Amino acid sequence: MSPKPNLLLRYMSTADLPYVMEIDRLSFEIPWSEKSYRYEMNESEQSFMVVLEWYQERTVTRLQKLLHIQPFAERRVVGYGGMWFISGEAHISSIAVHPRGRGRGWGEILLAGMVRRGLMLSAEEVALEVRISNHRAQNLYRKYEFKTVEIKPRYYRNNNEDAFDMRMNVLDAAVCSRFEERYSSLFAAFQLSDHFSDFSPPRNTPKP
Ligand SMILES: CC(C)(COP(=O)(O)OP(=O)(O)OC[C@H]1O[C@@H](n2cnc3c(N)ncnc32)[C@H](O)[C@@H]1OP(=O)(O)O)[C@@H](O)C(=O)NCCC(=O)NCCS
């Protein structure tokens, strides 16, 4: 029997772009350009781009061992997200899970990772916009105690749809404590490693 798959939350890298852009194309009516992704990842000091990677270690059979075939891991980017941190506000710019992976709690992991990255940066507010027709995403945000504070009329240019401006009040200690409980419970539910929410982006890591 294969071991249980693992999940890793980590910073997006250039090598992830084909997978990220495929998920973007399958998820949104106005996908981001490759140039935008490269800018957000490598140049913008305010941007924090994350991917969720699914991986499974493959053990080798006795015959494969005899043939000197090494164990290997199968890896796949199954979702991604983006957050800007500007003037104390963590603003979630994007979040998507591959259509074949939805409904397994992976969107929740991405959202929790970005909220926690914001908290680690001492954000005073976590904000996002969502289409008023996108009930699935709104449910996810409400689960994490985001509240609608305003409607932004005709926010989406492709069809003039309104957006809900949703915010999580991270200055409320009770909200933060319930968030930490939810974040911790994700580790109990999944074989999850988080190399994002408590880590600086690779662009900020001092070079040896
Ligand atoms: C929104 C999205 C990221 C959610 O990811 P997901 O992996 O499917 O969601 P999860 O399995 O983690 O579910 C988390 C919560 O989302 C909500 N949710 C998920 N699927 C739902 C559905 N089919 N109907 C209603 N609510 C749903 C629920 O509140 C769920 O919590 P629960 O399981 O305790 O009920 C995903 O649907 C997606 O990529 N959509 C396309 C891109 C998009 O719309 N992004 C948001 C832009 S603002």
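Quick note: structure is the one above.
Residues numbered from 1 in each chain as written. Predicted model: local features only at pLDDT ≥ 70, side-chain atom pairs only at ≥ 80, totals over all residues. Heavy atoms only, no water.

**Q** Please clarify how the site of the ligand should be interpreted in this entry.
**A** Around the ligand sit 21 residues, and of these Ile95, Val97, Gly105, Asn134 and Lys143 come closest. Measuring from an oxygen atom of the ligand, one finds a backbone N or O atom of Val97 at 2.8 Å. Relative to its unbound accessible surface of 930 Å², the ligand loses 73% to contact with the protein. Mapped by element, the contributors of at least two residues to the shell around the ligand are β4 (89-97), α4 (106-120), β5 (125-131) and α5 (135-143). For the shell around the ligand, the leading source of residues is α5, giving 6 residues. Residue classes in the shell around the ligand are distributed as 9 nonpolar, 6 polar and 6 charged. (Near = heavy atom within 4 Å. Polar contact = N/O pair within 3.5 Å; in protein donor to acceptor, adjacent residues only side chain to side chain. Areas by Shrake-Rupley, 256 points an atom, 1.4 Å probe, with all protein chains shown as cover. Helix = DSSP H or I, 4+ residues; strand = E, 2+ residues; numbered from the N terminus. Nonpolar A, V, L, I, M, F, W, Y, C, P; charged D, E, K, R; others polar.)

**Q** Mind showing me how you'd approach the pairing of strand β7 (residues 161-168) here?
**A** The side chains of a regular strand alternate between both faces of the sheet. Burial of β7 is extensive: 7 of the 8 residues sit out of reach of the surface. Of the pairings in the sheet, the one linking β5 to β7 comprises 6 bridges and is antiparallel in character. Note that in β7 the partner of Leu128 across the bridge is Met166. As judged from the 7 bridges shared by strand β6 (residues 146-156) and β7, these two strands associate in the antiparallel manner. Within the sheet, the bridge partner assigned to Lys152 lies in β7 and is Ala163. Following β6, the chain reverses through 4 residues before pairing antiparallel with β7; Asn160 in that reversal takes a positive phi of roughly 60°. (Buried < 20%, exposed > 50% of the residue type's maximum accessible area, 1.4 Å probe, protein only. Pairing = 2+ DSSP bridges.)

**Q** Help me understand the pattern of salt bridges in this model?
**A** Side chains that differ in charge, positive against negative, can pair when their charged atoms come close. In total, this model carries 16 salt bridges according to the counting rule given. Between Arg167 and Glu89 there is a salt bridge, with its nearest N and O atoms 3.4 Å apart. Here Glu89 lies in strand β4 and Arg167 lies in strand β7, a separation of 78 residues in the sequence. Taken together, the shared-partner salt bridges in this structure form one network comprising Glu89, Glu125, Glu129, Lys152, Asp165 and Arg167. (Salt bridge = Lys/Arg side-chain N within 4 Å of Asp/Glu carboxyl O.)

**Q** Sorry if this is basic, but what is going on with the environment of Ser93 here?
**A** As for its placement among the helices and strands, Ser93 is situated in strand β4. Taking relative accessible area as the criterion, Ser93 reaches 23% and is therefore assigned partly exposed. Measuring from C-alpha to C-alpha, the distance between Ser93 and Ala127 comes to 9.0 Å, with 34 residues separating the pair along the chain. In contact with Ser93, not counting residues within four places along its chain, are Trp32, Gly82, Met83 and Trp84. (Contact = heavy atoms within 4.5 Å.)

**Q** Looking at this structure, I do not really get a nonpolar patch on the surface. What am I missing?
**A** Taken together, the side chains of Leu63, Leu66, Leu67 and Ile69 define a hydrophobic patch exposed on the protein surface, amounting to about 420 Å² of accessible area. Along the chain, Leu67 turns up in the loop between α3 (62-66) and β3 (72-86). Classification of Leu67 as exposed rests on a relative accessible area of 55%. (Patch = residues over 30% accessible without salt bridge, like charges linked within 9 Å, V, L, I, M, F, W, Y side chains within 5 Å.)

**Q** What should I look at first to understand the packing of aromatic side chains in this one?
**A** One pair of aromatic rings is described through two measures. These are the centre distance and the angle between the planes. If you walk through the whole model with that rule in mind, you get 8 aromatic pairs. Where Phe179 meets Tyr183, the ring centres are 6.2 Å apart and the plane angle is 25°; that geometry is what we call stacked. Of this pair, Phe179 and Tyr183 both sit in helix α6 (residues 173-189), 4 residues apart, which is roughly one turn of the helix. Tyr183 carries the same exposure label as Phe179, and that label is buried. Taken together, the ring pairs connect Tyr144, Phe179, Tyr183 and Phe187 into an aromatic cluster. Of note, Arg75 hangs over the ring of Tyr55, and the distance from its end group to the ring centre comes to 4.7 Å. Over the face of the ring belonging to Tyr156 we find Arg131, whose NZ or CZ atom lies 4.1 Å from the ring centre. (Phe/Tyr/Trp six-rings, centres within 6.5 Å; stacked < 30°, edge-to-face > 60°. Lys NZ or Arg CZ within 6 Å of the ring centre and 35° of its normal.)

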